[in-house]
Amino acid sequence: MRERTLFLSAIIAIVLIGLGFLVAGQANLMPREASTRAVEVDQLFRVLLGVSTVIFFLVEGALIYAVLRFRKKAGDESDAPAIHGNTSLEILWTLIPAAIVVVIGVYSFQVLGSIETPGRGPRVVEVIARQFSWGFRYPEEDLATTELHLPVGQPVVFQITSEDVIHSFWVPAFRGKRDATPGQVSEMAITPTETGVFPIRCAELCGAGHSIMTSQVVVESPEAFDAWLAQQQALASDPGQFFLTLGCGGCHTLAGAGTTASVGPPLDGLAARAGDRVPGLDAAGYVEQSIVDSDGFIVPGFQPGLMPKNFGERLTPEQTQALVAFLMAQP
Amino acid sequence: MTATSASPGWRRYFTWNTDHKVIGVQYIVTAFVFFMLAGILAMLVRTELRAPGKDIIDGATYNQVMTNHGSLMIFLWILPVLAGFGNYLIPLMIGARDMAFPRLNALSYWLIPPAGLLMLASFFAGGAEAGWTAYVPLSIGGPPGQTLWALSVILLGFSNIMGAINFLTTTITMRAPGLSMWRLPLFVWGMLATAILSLTATPVLTAGLVLVAFDRMIGTQFFAVASGGDPILWQNLFWFYSHPAVYIMILPAMGIVSEVLPVFSRKPIFGYRMIALSSMAIAVLGMTVWAHHMFTSGMDPRLRIPFMVSSMIIAVPTGVKIFSWLATIWDGKLRFTTPMLFALGFISMFLIGGLTGIFLAAIPVDLHVHDTYFVVAHLHFVLFGGSVSAVYAGLYYWFPKITGRMYDERTGRLHFAANFIGSNLTYLPMFAAGLMGMPRRVADYDPEFTVYNELATFGSLLLAVSVLPFLYNVILSWARGPKASANPWSGKTLEWQASSPPPPENFEQIPTVTSDPYAYGEEAPKAAEPAAAPATG
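Residues numbered from 1 in each chain as written. Chains lettered and ligands numbered in written order. Predicted model: local features only at pLDDT ≥ 70, side-chain atom pairs only at ≥ 80, totals over all residues. Heavy atoms only, no water.

Before we move on, could you go through the overall build of chain A and cite the residues and values that matter?
What chain A contains, in helices and strands, is nine helices and 12 strands. Here the C-alpha atoms of chain A give a radius of gyration of 29 Å, more than 25% beyond the 20 Å that 2.2 N^0.38 yields for 331 residues. Residue pairs at least 24 apart in sequence account for 62% of intrachain contacts in chain A once pairs closer than 6 positions are excluded. Element-wise, carbon and sulfur atoms account for 63% of the exposed surface of chain A, whose accessible area totals about 15,500 Å². When the 21 positive and 33 negative side-chain charges of chain A are each reduced to one mean point, those points stand 12 Å apart. (Helix = DSSP H or I, 4+ residues; strand = E, 2+ residues; numbered from the N terminus. Rg over C-alpha atoms; globule rule 2.2 N^0.38 Å. Contact = heavy atoms within 4.5 Å. Areas by Shrake-Rupley, 256 points an atom, 1.4 Å probe, with all protein chains shown as cover. Lys, Arg positive; Asp, Glu negative; His and termini not counted. Charge placed at Lys NZ, Arg CZ, Asp CG, Glu CD.)

So, a nonpolar patch on the surface: which residues are in play, and what are the values?
Residue and element names in this part refer to chain B. A contiguous nonpolar patch, built from Val 29, Val 33, Leu 37, Ile 40 and Trp 478 and spanning about 420 Å² of accessible area, is present on the exposed surface. Considering each element in turn, the nonpolar patch owes the most residues, four residues, to helix H2 (residues 20–48). Tracing the backbone shows Leu 37 in helix H2. (Patch = residues over 30% accessible without salt bridge, like charges linked within 9 Å, V, L, I, M, F, W, Y side chains within 5 Å. Salt bridge = Lys/Arg side-chain N within 4 Å of Asp/Glu carboxyl O.)

Break down the sheet that holds strand E4 (residues 148–151) of chain A for me, citing the residues and quoting the values.
One key point about sheets: their strands pair by backbone hydrogen bonds, in either a parallel or an antiparallel sense. All names here are of chain A. With respect to topology, five strands assemble into an open sheet ordered E4-E10-E9-E6-E7, the strand pairing being mixed. A strand with exactly one partner marks an edge of an open sheet, and here the two such strands are E4 and strand E7 (176–180). Across the sheet, the mean angle from the axis of one strand to that of its neighbour is 25°, orientation sign disregarded. Sheet topology note: the E4/strand E10 (residues 214–220) ladder contains four bridges and is parallel. (Pairing = 2+ DSSP bridges. Axes fitted to C-alpha atoms, helices over the stretch in contact; angles between N-to-C directions.)

Just give me the short version of the environment of B:Ser389, but keep the residues and values in it.
Residue and element names in this part refer to chain B. Of note, Ser 389 is situated in helix H15 (residues 373–403). Placed 39 residues apart in sequence, Ser 389 and Phe 350 show a C-alpha to C-alpha distance of 9.3 Å. Those residues in contact with Ser 389, other than ones at most four positions away along the chain, are Phe 342, Phe 346, Met 349, Phe 384 and Asn 419.

Go over the environment of B:Pro268, please, and point to the residues and values.
With respect to the secondary-structure elements, B:Pro268 resides in the loop between helix H9 (231–265) and helix H10 (272–286). Among the residues examined, B:Pro268 registers a relative accessible area of 0% and is labelled buried. Linking B:Pro268 and B:Glu522, residues 254 residues apart in sequence, is a C-alpha distance of 9.4 Å. If we ignore the near neighbours within four places in the chain, the residues touching B:Pro268 are A:Pro81, A:Ala82, A:Ile83, A:His84, B:Pro262, B:Thr328, B:Tyr518 and B:Tyr520. (Buried < 20%, exposed > 50% of the residue type's maximum accessible area, 1.4 Å probe, protein only.)

For the packing of helix H2 (residues 36–69) of chain A against helix H3 (residues 87–116) of chain A, give the residues involved together with the corresponding values.
Residue and element names in this part refer to chain A. One way to put it is that H2 packs onto H3 with a least axis distance of 10 Å and a crossing angle of 170°. Taken together, the axes of H2 and H3 lie roughly antiparallel to each other. On H3, the residues that touch Arg 37, Glu 40, Val 41, Gln 43, Leu 44, Val 47, Leu 48 and Val 51 of H2 are Ile 100, Ile 104, Tyr 107, Ser 108, Val 111, Ser 114 and Ile 115. (Parallel < 35°, antiparallel > 145°, perpendicular 65-115°, else oblique.)

Go over the nonpolar core, please, and point to the residues and values.
Membership of the largest hydrophobic core comes to 240 residues, with the highest contact counts inside it found for A:Phe158, A:Phe169 and B:Phe85. Other than its neighbours up to four places away in sequence, B:Phe85 contacts B:Ile28, B:Ile90, B:Phe187, B:Ile256, B:Val391, B:Gly394, B:Leu395 and B:Trp398. The next biggest cluster of nonpolar side chains, apart from the first, holds 21 residues, and it includes A:Ala274, A:Val278, A:Val287 and A:Phe311. (Core = buried A, V, L, I, M, F, W, Y, C linked by side-chain atoms within 4.5 Å.)

If you had to explain the interface of chain B and chain A to someone new, which residues and values would you point to?
Listed as interface residues are 89 residues of chain B and, on the opposing side, 76 residues of chain A. Between chain B and chain A the total buried area reaches about 7,100 Å² when both faces are included, carbon and sulfur atoms providing 67% of it. Summed over the shared surface of chain B and chain A, the number is five salt bridges. Residues A:Glu77 and B:Arg335 are paired through a salt bridge, measuring 3.3 Å at the closest nitrogen-oxygen approach. Remark: the boundary between chain B and chain A carries 20 residue pairs in polar contact (both at pLDDT 80 or more). (Buried area = accessible area lost by both parts, 1.4 Å probe. Polar contact = N/O pair within 3.5 Å; in protein donor to acceptor, adjacent residues only side chain to side chain.)

Report on the sheet that holds strand E3 (residues 143–145) of chain A, specifying residues and quantitative values.
Residues and elements named next belong to chain A. The five strands are arranged E3-E2-E1-E5-E8 in an open sheet whose pairing can be described as mixed. What marks the edges here is a single partner per strand, and that holds for E3 and strand E8 (186–190). Ignoring which end each strand starts from, the neighbouring axes of this sheet average 25° apart. Across seven bridges, the pairing between strand E1 (residues 123–130) and strand E5 (residues 156–162) is parallel. Within E5, the position partnered with Arg 123 by the bridge is Val 156.

So what about the confidence of the model for chain B? Which residues, and what values?
Interpreting fine coordinate detail is not advised for predicted regions of low pLDDT. Residue and element names in this part refer to chain B. Mean pLDDT over chain B works out to 93, with 96% of the residues at or above the 70 mark. Here residues 1–7 scores under 50 on pLDDT; set against residues more than four positions off or in separate chains, the count is four contacts. Throughout residues 525–537 the model reports pLDDT below 50, and contacts reaching past four residues in sequence, or to other chains, amount to 19 contacts. Listed scores for the predicted complex are pTM 0.89 and ipTM 0.92. (pLDDT = per-residue confidence, 0-100.)

Can you break down helix H3 (residues 59–93) of chain B residue by residue, with the values?
Residues and elements named next belong to chain B. Between its first and last C-alpha atoms H3 spans 48 Å; for 35 residues at 1.5 Å apiece the expected length is 51 Å, and the two agree. Its maximal kink placed at Met 73, H3 deviates by approximately 35°. For H3, the tally of buried residues reaches 33 of 35 residues, placing the bulk of the element in the interior. Among the residues of H3, the N-terminal cap falls to Asp 58, whose side-chain oxygen and the backbone nitrogen of Ala 60 are separated by 3.2 Å. Positive phi shows up at Gly 95, right after H3, with a value of about 70°. (Expected span 1.5 Å × (residues − 1). Bend = angle between axes of the 7 residues up to and from the residue.)

Describe the pattern of salt bridges, listing the residues and the values that go with them.
Side-chain pairing between opposite charges can occur once the charged atoms of the two side chains come close. Residues and elements named next belong to chain A. Overall, the coordinates contain 16 salt bridges over all chains when judged by the stated rule. Here Lys 72 ties to Glu 77 by a salt bridge, and the two come within 3.1 Å at their closest N and O atoms. Classification of Lys 72 by relative accessible area gives partly exposed; the value is 22%. By relative accessible area, which is 57% here, Glu 77 ends up exposed.

Set out below in structure tokens:
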């Protein structure tokens, strides 16, 4: 009897562990791994998945077996045996989970140390979050951009902050996420390993436009990256670049700046219709009002409340006027 | 018995009444009304998310709906319904005539309806849009509805603290003769652990919300970044309460499961002392894990390690409970009544919530899945698959005691089946969506996540429909179900010694306790014989 129980337990254990390995090895639950960090995080994830699979099938299996096996027989109104406990069993199912948890904890700690240590000679990229767009700065080049480009294989440290409420900078393909908190700078180290275009998402509720606060990171060869940097620097002397840096292009279409978003009204040919929008405001006056107080007039078919309200504070009067002049000049 | 049921009738439920049973029913029914409202909001969310793109509501409205869904479910459904069970059951289970402070008890109930109305009123004042977490500075800058939201939660905080004082005092001082702590029903142990957590943690949230309300109403600068205020401070204050709140919402639910399983297995609970101690261990450890919600925030990176360790250790006492429940039904003579089905459903779904909690505690994985639909799935498996399943188990189990009538078993099983399938269909796909890159609290998403969201929306429809057989069953049975005897389940805890429903002051004579509450399979020891303490080994 005792031998049979042992034998059965061994079979069940082997089957469960095999199942754990199978699920952990075969499951494909995350986006393509695009950074060194992703490889390490996924390895840890697979270990957790394997252990959880064993526990899951052990418990659910025992539950289903008990439900099928120990149903009351018809007509039997007597009680079941009065078993109050079993000390060795209780010690066992306290100690084994404790041991598993210790191993997982130590392993997680090692992975954490590894993924948060930046690679050799990292490039710093500043990430600026605001309702509801992302801005980027390359301090070495003193260059502000609205797109994030990275050279493949080169370590990078993101320095992340926010201009208004809390956001969270998340690149699922990198497996990394860090909150953008106003008044402080948080760092996240990444080494991209795959070229391609990967989504950037805001992961912390930040207001009405939380779900449209998206962007993307372009990981490319060092040569392509250098070419892009040079092109961006040339653009920086252009007022259109200023438009981009502010993040306007995240929501507005403007051919002159190469943007195609449709969250807010399109801005091409604005000068021709701006004068008719609000009685008492000329074209330039209307454009200025729309920048500093966007809900003063809502173009029919668009939603109020999405555009940041703080451009009046963020821009100097000269900058506002330069932007108005740029927009008025667009064909 | 004759004088009791004839007395004040149904009208007493709408009055200031100090009978703990009336207050218990007031809590439960009021909470259920808010559950229905929060469920309607959930259906709005799922309808909007059925397909990508804007379907029925815009981003700002979505945030209001989502905020009130979460806040109502947590603060006005799960917390008060469990407090309702505590009110109804603790005096009965410990052989007392009422709670220690009956008028304080009535007051803690009567704070709830105005608080609920205040929260709903936020919809007409621009809405509360910052989620139930109300992170600053978003919640400071929001529309006036956010102030009403904060005031509502402050009121509920007071209600919660007063309730905890009552539960604690009653359990410690008013137990019947012979009812030692080691003979206390496990539901009472769960409520005891909960009361300690509430007393320690709730004042912190309430004080934090007072600061938020001051920032909004009288221009203080506690959280204003420009004046040196710290947004992370709010996260510490909030989670110092709100993680323990998860245990406040699960420990009584685990207590209900520990009551239901032995009765319908006709076996003693397995490892009584370990389960009771696990509740206390979870309560103590639960105070030390709050910052695991902040691994991605700007908190000091070195502080994350102890929080990871404490969060993982909680898996141990939780595992002890699950294994003990399995051992309880093992070799039993199982009766698959509706409460038993919901208790078994609790184990199978709470397990998923518990296992995925380990993923979230492991910091490297958390840095990917934090604030995604993985978390949404995890918390719904804990709070809906877990707490709400246990609440349903409790509602069916004590229905004969509370109403004096039996519910209909077949309708109950139908309810269980729809609820169980609906829960899994709604929440399982969310794990996949989160891992693949879908953030939580979004009104819109990438088309690649459509299939998960369609499944979830379909499941939620089933969940919504599953409430109908429950309401039908409860209302009809309460009005004209067959009369229930005092002890229809042959339970051993003290509430089954009182009549169904129990008279005011519960017992004609306070019972003397001579055995443990789960003495199944043994000849009931006659009063004279000193009963064996529940064995631990």
